[in-house]
Amino acid sequence: MDLSLSEDQVMIQQMAAKFASTELAPIAAKLDEEGDRVAFLTNLKKLAELGFMGLNIDSQYGGTEAGSVVFSLVITEIARACAATAVTLSVTNMVAEVIQSLASEPQKQQYLPKLCSGEYPAGAFCLTETSAGSDPANMKTTAILQGDDWVLNGAKQFITSAEYAGVMVVWAVTDATLAKGKGISCFLLEQGTAGMTISKAEHKMGQRASVTNEVLFDNCRIPKSALLGELNSGFKIAVTELAGGRIGIGSLALGIGLAAMDYAREYLLQREQFGQPLAKFQGLQWMVSDAYTALEAARLLLMNAADKKQKGLAFAKEASMAKLFSSEKANDACYTALQLLGGYGYIKEYPLERYARDVRITSIYEGTSEIQRVIIARELFRQ
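Nothing here was measured: the structure is a model prediction, and the numbers come from that model.

Caption draft 1: How the structure looks around the nonpolar core. In this structure, Val 74, Ile 78, Ile 99, Val 169, Trp 171 and Leu 252 are the most contacted members of the largest nonpolar core, which totals 101 residues. Among the elements that take part in this core, helix H7 (residues 234–270) stands out by supplying 16 residues, more than any other. Beyond its immediate chain neighbours, meaning those up to four positions away, Val 169 contacts Val 95, Val 98, Ala 124, Phe 125, Cys 126, Cys 186, Phe 187, Leu 188 and Leu 228. Of all hydrophobic cores here, the second largest spans 20 residues; its members include Val 170, Ala 172, Met 196 and Leu 227.

Caption draft 2: A look at the pairing of strand E4 (residues 165–173). Among the 9 residues of E4, 9 are classified as buried, and the element is accordingly described as predominantly covered. Sheet analysis places E4 next to strand E5 (residues 184–190), joined by 7 bridges and oriented antiparallel. Bridging from a neighbouring strand, Trp 171 pairs with Cys 186 of E5.

Caption draft 3: How the structure looks around the packing of helix H5 (residues 83–102) against H7. Interaxial distance between H5 and H7 falls to 10 Å at its minimum, and their mutual angle equals 155°. On the basis of the axis angle, H5 is roughly antiparallel to H7. The handedness of the crossing between H5 and H7 comes out as right-handed. Contacts between H5 and H7 involve Ala 83, Ala 86, Val 87, Ser 90, Met 94, Val 98 and Leu 102 from the first element and Ile 237, Glu 241, Gly 244, Gly 245, Gly 248, Ile 249, Leu 252 and Ile 256 from the second. Class assignment of the residues belonging to the contact of H5 with H7 gives a composition of 10 nonpolar, 4 polar and 1 charged.

Caption draft 4: Broad picture of the environment of Ala 316. Within the fold, Ala 316 resides in helix H9 (residues 316–340). Residue classification places Ala 316 among the partly exposed residues on the basis of a relative accessible area of 32%. Here the alpha-carbon distance between Ala 316 and Ala 201, two residues 115 residues apart in the chain, equals 31 Å.

Caption draft 5: Here's a closer look at the pattern of salt bridges. The full count for this structure, using the stated rule, is 23 salt bridges. Notably, a salt bridge pairs Asp 32 with Arg 208, separated by 3.2 Å at the nearest N-O pair. Here Arg 208 lies in the loop between strand E6 (196–198) and strand E7 (212–223) and Asp 32 lies in helix H2 (residues 28–34), a separation of 176 residues in the sequence. Residue Asp 332 is joined to Lys 329 by a salt bridge in which the shortest nitrogen-to-oxygen separation is 4.0 Å. Placement of the pair is Asp 332 and Lys 329 together in helix H9, with a separation of 3 residues, close to one helical turn. Taking the relative accessible area as the measure of exposure, Asp 332 reaches 42% and is therefore partly exposed. Accessibility expressed as a relative area gives 29% for Lys 329, which makes it partly exposed. Linked by salt bridges that have partners in common, Asp 32, Glu 33, Arg 208, Lys 348, Glu 353 and Arg 357 make up one network.

Rules used in this analysis
- Residues numbered from 1 in each chain as written.
- Predicted model: local features only at pLDDT ≥ 70, side-chain atom pairs only at ≥ 80, totals over all residues.
- Heavy atoms only, no water.
- Core = buried A, V, L, I, M, F, W, Y, C linked by side-chain atoms within 4.5 Å.
- Buried < 20%, exposed > 50% of the residue type's maximum accessible area, 1.4 Å probe, protein only.
- Helix = DSSP H or I, 4+ residues; strand = E, 2+ residues; numbered from the N terminus.
- Contact = heavy atoms within 4.5 Å.
- Pairing = 2+ DSSP bridges.
- Axes fitted to C-alpha atoms, helices over the stretch in contact; angles between N-to-C directions.
- Parallel < 35°, antiparallel > 145°, perpendicular 65-115°, else oblique.
- Left-handed = near helix turned anticlockwise from the far one by under 90°.
- Nonpolar A, V, L, I, M, F, W, Y, C, P; charged D, E, K, R; others polar.
- Salt bridge = Lys/Arg side-chain N within 4 Å of Asp/Glu carboxyl O.

Any link to function would need more than the numbers given here.
The structure is reproduced here in structure tokens:
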């Protein structure tokens, strides 16, 4: 089995790493503390210019056609510097992918070039509701056909990038008479659509430069042509696309974990106690060894899932395994790194407390660790 990357994959990975270190890392703490929206959006535009907003999108729509493996590599490198930027990048890529997979040709022509070029700063998924998180089939938002328009009513919660997403993929119940999950459809909505209101950004524990909003629909009228894919096939779309998104979030978690351990490793080489560097103490060496071993295993799980997706093979189980393991082990790595710095790890002057806050959500969004275990078990017993 050849696990090596191609020259093109290495080149794009290095490009992402350079951008992360030169453009993102110097301002990541400032973005976390002050939320400089202009600087954040400027970097999103630069990422689009590098081709990172359409990594798995056909070139005819402005995409890079780099594939799912490169998508994972890029998200990891960006997350090493700024997790808030990485999650925006991940979600926008997944919005572009669902449009490419299911949209009509006019819809593709209308939205994909704008996402890939950065004309739209980001894309957003409007799926989660207060009563429909881990159970998306329980959503209450409705879309009723009235003449030539769909009329949406309801509310979506915890929507990444809602404030500046140029286009949103919105799920709603279109046939309440069908069995649970069977009467849900998908729609494409543009920013500024009448009847859609975006609430103020949530005050979050971590990844604070990435805005997260509630989105409200009050008799929001959209044309029949806004339907994405087939009528009443939205639940299947959600399940399929979330699997791809889990590769992105697992990769993001890996990047944060690596950043934390890299910082701690350098600290152990410089800091001395009892007349020698901390790196000389066997107990600390074992903590470092265990953390890096787990992160390398996470990387291999992610590469396996991304490779299967890229080849058009079934990958839902592998994506859930990768997301579960990567997010859990990245959380462990961040707390290990913080512990290795001792009291300094708890001080905001050092980045470990930010990494610990940023990584925590990775075992919650795009499906909690508990839900990943349910999915993995279901796939195993189905085989």
